[in-house]
Amino acid sequence: MKTFILCLIILLITSWMGSSSQISGTVVSKLGEPISGVRIRGRADNQYTLATTDEKGNFDILQPGKIIFLQALGYRPVVLVLNKPITHINVEMEEASISEFKVPTCLLPEHSRDYIGHAFMLRPPQGAITVAGKGSGDLSHTIYYQSAQNSESLVYYWSSTALGIPDDDWILGAKNFSIHSFRFGQYFGIDIRGISKDGKHWRFLGDFGGMEISYRNASKEAADYFDKIIGSLCLQQ
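Summarised in this report is the structure supplied together with it.

**Quick notes on the pattern of salt bridges**
Applying the stated criterion across every chain, the model contains seven salt bridges. Where R123 meets D114, a salt bridge forms, and the shortest distance between an N and an O atom there is 3.0 Å. What makes R123 partly exposed here is its relative accessible area of 31%. We note a salt bridge from D227 to R193, for which the minimum N-O separation is 3.6 Å. Of this pair, D227 sits in helix α2 (residues 220-230) while R193 sits in strand β16 (residues 187-196); the two residues are 34 residues apart in sequence, bridging distant segments of the chain. Salt bridges sharing common partners tie together D191, R193, R203 and D227.

**Some points on the state of the cysteines**
Tallied over the entire structure, the rule returns one disulfide. The residue that forms a disulfide with C106 is C234, at a sulfur-sulfur distance of 2.0 Å. The chirality of the disulfide connecting C106 with C234 is right-handed, given an S-S dihedral of about 95 degrees. Here C106 is found in the loop between β9 (101-102) and β10 (116-118), whereas its partner C234 is found in strand β19 (residues 234-235), with 128 residues between them in sequence. In this pair, the class of C106 matches that of C234, namely buried.

What counts, and at which threshold
- Residues numbered from 1 in each chain as written.
- Predicted model: local features only at pLDDT ≥ 70, side-chain atom pairs only at ≥ 80, totals over all residues.
- Heavy atoms only, no water.
- Salt bridge = Lys/Arg side-chain N within 4 Å of Asp/Glu carboxyl O.
- Buried < 20%, exposed > 50% of the residue type's maximum accessible area, 1.4 Å probe, protein only.
- Helix = DSSP H or I, 4+ residues; strand = E, 2+ residues; numbered from the N terminus.
- Disulfide = S-S within 2.5 Å.

Structure representation (structure tokens):
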């Protein structure tokens with residue numbers, strides 16, 4: 001009997017022996033229907049790997065690391081944690097709920113000076129300490145909590161080479177985490193938030209267009225402040 005793994009359930013397989021060279025699999029809905037166009041992403045030795053399911057829901061991904069992300073428009077994202085090599089897996093995805101974060105249109109141009117970012121924009125509160133950086137086609141903004149000397153910060157990063165998924169150690173070092181999707185029309189991405197084993201808060205949003213918004217090692221107060229800023233996320237059209 002095939003074993004299907006529900007969204008948000010982490011696959012834990014003991015005794016990690018190193019990266020597998022290839023994993024194949026099938027992705028279906030809760031009704032058992034194949035889902036095409038699912039994007040599967042992973043890392044191995046700091047390399048980015050990508051696969052997409054075919055019309056039968058099948059995929060092959062080369063050299064994945066310990067974490068695999070699965071995303072599809074209209075479905076809740078899935079995170080798989082692999083603690084030992086496997087060669088095949090079957091995954092069940094469930095439809096996204098009505099509580100899925102839908103990104104609104106920005107109130108531009110009259111408020112354009114209040115926003116930072118590229119396409120997906122943030123609106124920091126008045127008086128926020130924000131430092132901009134740009135180079136080699138990349139765009140970044142860092143918003144600090146209380147002061148620029150404070151290590152707690154929210155980072156907006158855009159680059160054509162951005163992966164749109166967090167490093168494996170974000171997930172592996174988490175005491176607990178939750179994953180949701182956000183969307184605007186045909187744009188969609190992941191929104192992951194968690195608490196590390198030392199009690200610090202973190203959050204990561206990423207999409208396929210090069211946008212990443214994140215904070216890490218934040219106190220509860222700083223996390224609440226950054227979450228309010230993330231709540232202002234909108235799409236410039």
